[in-house]
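# Breakdown of the fold
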Amino acid sequence: MDHGIQKVYKVLEFEEGFVSGYNNNYEMLKILSRGYLFVLIVLMATACSVNKKLPAGELLYNGSTVTVNKDSGVKASSKSIRKQMEKIILPRKNKMLLGWPYKVWAWYAIGETKKEKGFKHWLREKFGEPPVLSSSIKPKLNIDNMKGYLENEGYYRSKTYGDTMMKKHRVMAAYRVQLAHPYSIKAINWKIDSSQLLTKILEGLHDKTLLIPGERITLDKIKTERNRVDLQLKNQGYYYFNADYLIAYIDTTLKSYQANIYMGLKPTTPQKVKRIYTINNIIVFPNYTLLRPPPDTSLANLLKIDRILIRDTVHKFKPTVFTKAITYRPGSLYSLTEQNKTLNRFINLGAFKFVKNRFEPATKSDTPNSVNAYYYLTPQKKKTIQVQIGSFAKSNAYVGGQLNVNWLNRNVFSGAESFNVKSYFSYETVPSDSTQGKSNYRVGAEAALVIPRFFVPFKVKDDYLFPPRTRFTLGYEWFRRQQLYTKNFYRFQYEVNWKPKINIEHTVAPISITYVNTTAFAPQYQAQIGNNEVLRLSNLPEIVSGSFYNFTTSSTYPNSVNVVYLNANAEVAGNIAGAATGAKTSYSKSVLGAYFAQYAKADVEFRYSRKLQTDVYLANRIIIGASTPYHNSRFLPFSRQFIIGGANGLRGFTPRNIGPGTTQTTAYQRVYYPQIGGDYKLEMNSELRFPIFAPRLKGALFIDAGNIWLKDSTLFSPTGQLTKDFLHELAVDAGMGLRIDISILIIRIDMAFPLAKPWLPRGERWVLPQVAVGSKAWRSENLVFNFGIGYPF
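Described below are features of the structure shown in this document. If you're wondering where the values come from, they're calculated on a predicted model, not measured in any experiment. Every chain is numbered independently, its residues counted from 1 as its sequence is written. Reporting of local features is limited, given that this is a predicted model, to residues whose pLDDT is at least 70; pairs of side-chain atoms are given and counted only at 80 or more, and all residues count toward the totals for whole chains, interfaces and linings. Values shown for side chains rest on all heavy atoms present in the structure; no hydrogens or waters enter the calculation.

## Here we look at the packing of helix α3 (residues 78–88) against helix α6 (residues 139–152)
The line we're drawing: Whenever a helix is involved, its axis is fitted only over the stretch in contact; in every case the axis is a line through C-alpha atoms, and angles between N-to-C directions fall within 0 to 180 degrees. To qualify as a helix, a DSSP run of H or I must reach at least 4 residues; to qualify as a strand, a run of E must reach at least 2; elements of each kind are numbered from the N terminus. Angular relationships are summarised with four words: roughly parallel below 35 degrees, roughly antiparallel beyond 145, roughly perpendicular across 65 to 115, and oblique for the angles in between. It is the rotation of the near helix from the far one that decides the hand of a crossing: anticlockwise by less than a right angle makes it left-handed, clockwise makes it right-handed. Two residues form a contact once any of their heavy atoms are found within 4.5 Å. Residue polarity is assigned by list, with Asp, Glu, Lys and Arg as charged and Ala, Val, Leu, Ile, Met, Phe, Trp, Tyr, Cys and Pro as nonpolar; anything else, Gly included, falls into the polar class.
Viewed as axis vectors pointing N to C, α3 and α6 meet at an angle of 135°, and their least axial separation amounts to 10 Å. By the angle between their directions, the pair α3 and α6 is classed as oblique. Judged by the sense of rotation from one axis to the other, the crossing of α3 with α6 is right-handed. Contact with α3, carried on its side by I81, Q84, M85 and I88, involves N142, N145, M146, Y149 and L150 of α6 and no other residues of that element. Looking at the contact of α3 with α6 residue by residue, the classes come out as six nonpolar, three polar and no charged.

## Some words on the nonpolar core
Our working rule: Only buried Ala, Val, Leu, Ile, Met, Phe, Trp, Tyr and Cys residues count toward a nonpolar core, and they belong to the same one when joined by side-chain atoms within 4.5 Å. The buried label goes to any residue with under 20% of its type's maximum accessible area, the exposed label to any with over 50%, and the partly exposed label to all in between, with areas taken from a 1.4 Å probe on protein chains only.
Ranked by size, the top nonpolar core spans 25 residues in total, and within it F322, F346, F359 and Y375 carry the most contacts. Those elements giving two or more residues to this core turn out to be β7 (278–285), β9 (308–310), α10 (320–325), α11 (336–347), β10 (352–361) and β11 (370–379). Among the elements that take part in this core, β11 stands out by supplying four residues, more than any other. Core analysis: the second largest hydrophobic core is formed by 23 residues, W190, L211, L265 and V273 among them.

## As for empty space enclosed by the protein
Counted only if it meets this: The way it works is a 1 Å grid over only the protein atoms, where trapped points that fit a 1.4 Å probe form a cavity and open points with protein on both sides within 12 Å along at least five of seven lines form a pocket, and then any residue with an atom within 4 Å of a point lines it. Grid points are joined across faces, edges and corners, and a volume is the space filled by probe spheres set on the points.
Across all of its chains, the model carries two cavities of 30 Å³ or more by this definition. Estimates place the volume of the largest cavity at around 110 Å³. T320, V321, K324, A325, R345, L349, G415, P452, R453, D462 and P467 are the residues that line the largest cavity. Considered class by class, the residues forming the lining of the largest cavity number five nonpolar, two polar and four charged.

## Describing α11
Counted only if it meets this: A helix is expected to reach a length of 1.5 Å times the quantity of its residues less one.
Across its twelve residues, α11 extends 17 Å between first and last C-alpha, which sits within 8% of the 16 Å expected from 1.5 Å per residue. Among all positions in α11, only Q339, K341, T342, L343, N344, R345 and F346 are buried. On its buried face, α11 is in contact with α10, β10 and β11.

## Remarks on the pattern of salt bridges
The following threshold applies: Put simply, a salt bridge is a Lys or Arg side-chain nitrogen that is within 4 Å of an Asp or Glu carboxyl oxygen.
By the definition in use, this model includes 34 salt bridges. Where D463 meets K461, a salt bridge forms, and the shortest distance between an N and an O atom there is 3.9 Å. Taking relative accessible area as the criterion, K461 reaches 54% and is therefore assigned exposed. Where D750 meets R739, a salt bridge forms, and the shortest distance between an N and an O atom there is 2.6 Å. You can see D750 sitting in strand β28 (residues 746–756) and its partner R739 sitting in strand β27 (residues 731–741), a full eleven residues away along the chain. Under the relative-accessibility criterion, D750 is labelled buried at 1%. For R739, a relative accessible area of 2% gives the class buried. Each of the salt bridges in this network shares a partner with another, and the network as a whole consists of R651, E687, R689, D704, R739, R748 and D750.

## Digging into the pairing of strand β15 (residues 440–451)
Applied cut-off: DSSP calls a pair of strands paired once it identifies at least 2 bridges connecting them.
Inspection of the sheet shows strand β14 (residues 418–429) paired to β15 by eleven bridges, in the antiparallel sense. Note that in β15 the partner of Y427 across the bridge is Y441. Strand direction decides the pairing type here: β15 and strand β16 (residues 469–481), joined by twelve bridges, are antiparallel. Bridge pairing in β16 links R442 to F479.

## A short note on unusual backbone geometry
The residue after L90, namely P91, is reached through a cis peptide bond having omega 0°. Here P91 shows up in the loop between α3 and α4 (102–110). The omega torsion across G659 and P660 is 0°, close enough to zero to call that bond cis. Residue position: P660 is located in the loop between β24 (616–629) and α15 (667–672).

## Here we look at the side chain of N260
Just so we agree on the cut-off: Distance and chemistry together define a polar contact, namely a pair of N or O atoms within 3.5 Å, with one atom able to donate a hydrogen and the other to accept it when in protein, and with adjacent residues in sequence counting only for side-chain atoms on both sides.
With respect to the element layout, N260 can be found in strand β6 (residues 258–265). With a relative accessible area of 11%, N260 lands in the buried category. Engagement of the side chain of N260 in a polar contact is seen with the backbone nitrogen of A187, the distance being 3.4 Å. Each residue touching N260, except ones within four places of it in the same chain, is listed here: K186, A187, N189, Y249, I250, D251 and L254.

The following block contains the structure:
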């Protein structure tokens, strides 16, 4: 035990401050060392009690060791190979605390239960675990699995060894790996008895194959190549083909650690697998239900539209719904891609509750080597009404609740068009801000017609994975900002949305019109309008009439280490009205008694997330935005300006408290301006996400930086304008947070504080040296708490 005492001495001598409160450090060391000995004796005693309870002839398994030796020239990391081997080795040893199998002890201490339920059973299962015994160790099985893994990774001549040994009344397993040089691909050769099939395979081999000469051979690459060939052939008419019919032989007799791969069909492959099949008939049953007898699959009395046969006895849908959804026709080659595309288009119409299809060989009297396609569609309930009550937390620090009432008709004109009428009421407030006490109320209604096709005056290609959508929206909102004013919003928008791929989406709105009229001014606010030009201009009747385009894309690879997301927007407004009226100076022209806004605006948001290890991610985001008002506008409408700060932006600053530029906004501006915004924006965020108590509770460490700027000094002083020194005017914050997963949503709580305050004089903006977490005054002025739903980005 002397060695244990010496270790305590060394630790405590290094951390002298820990025992500085005692007059005699030596006496304190004696006390601690005795405690250490006591704990050690208790652990040894309980460990012995566990050993006594094990079945006769059994010992407790104490884990395994793996040693990796490499042949000359092998570049693979011994550490990475060892970790892979450790994942393969079974069983896993019991959980230990300083060598004490505390869960096994709890398992025996709680004792067996008569029933597999009740408190005692739950207690034993929750806090205990059965012992992992020496009889469960299978070294031969483990070394075979280890060798199999290495061969699957191209290390064909590697050797594995394993044995058990007894150590301190426990059994351990020791494994050794002799890692050989990996084999690379020299050439790929196909051996198939059907010349037509071989030609189809070789057509896409050279430019699309995943088996590239010079790269290391792995089983995963061969499997992926088999799947690629399977999909290629299924898209070229080989209906019965399957990846399992392909087999690969690897010739490792060559020198220089190279191997030839020979791929071909298994000898037992049926002849029908080698034949090309075409589509004979396509039959649609649009009113299919399990509650009625199976539909008659005969072709008598069927409606034939655009070569598609339809059995519709109810006539709920126009035939064009089916002809537009189906992307192939009789006579075409069978294609798995077109089959999946058609299914996806039917599902995303939103008019059908269930969609299924089947293919069956055509009869001998029909076209030889062909299949019939059947589609069974179960319609959704046509009309529904839904009431929703929920809460929200906005990025501008407002929180509140909302009541929605939605009425939906999923097939209003028999062409799968949906018509939705929504009415809503919401209340929002700021818990702690300069606008505290000035709550907002919203009451509104919106009608939207969605047509599942391109509704445009010219012909557009329409065979995408998802059906395109044309949306017409008409809405009104009454907005009351307490103690200030009431705004009335009238909105009309015509937009077209389409997704050429699952991860790419486009939205174009050729017409987007918003009319705003401000009324019911509070007397105090009315007095301010007469003394402030910005308030006067912002409360004039206004029309924002323009067009916008949105592009979104993201990576869609499953289990990918890197995830990328891109969102880009472009918007222009007022050009048609400006050209018609000849507007050249701000607020010089109006349409129907309202001044129209003229501006151009664009922004892009890029996100990049990298998986560092299991459930640990580094998430990053950058936002860049620019806009310019011109001709009839002196500044952008407040609703179109860029904003910054808050729960989803710079979390160490509350909204309306950053920028623009080096401006420090006044309480007057924060209260009376509709918002604190800018013409330009730069924002950067980085967040490390990690588990605390997985999977429900997770943590985050983050840092944010950014600011907004203006084109001129109309709204604020010249300190708000964009200059060449904008990088020296960034606000910076850092903080930490919790993410609580309650299954239906993620509750986010963040705490942050400023590191750089752009409104301070240059040279004094970095305030990190002034951080004083222990000071109540500092915490009151600098700590910002944010509450949100979901991740910030």
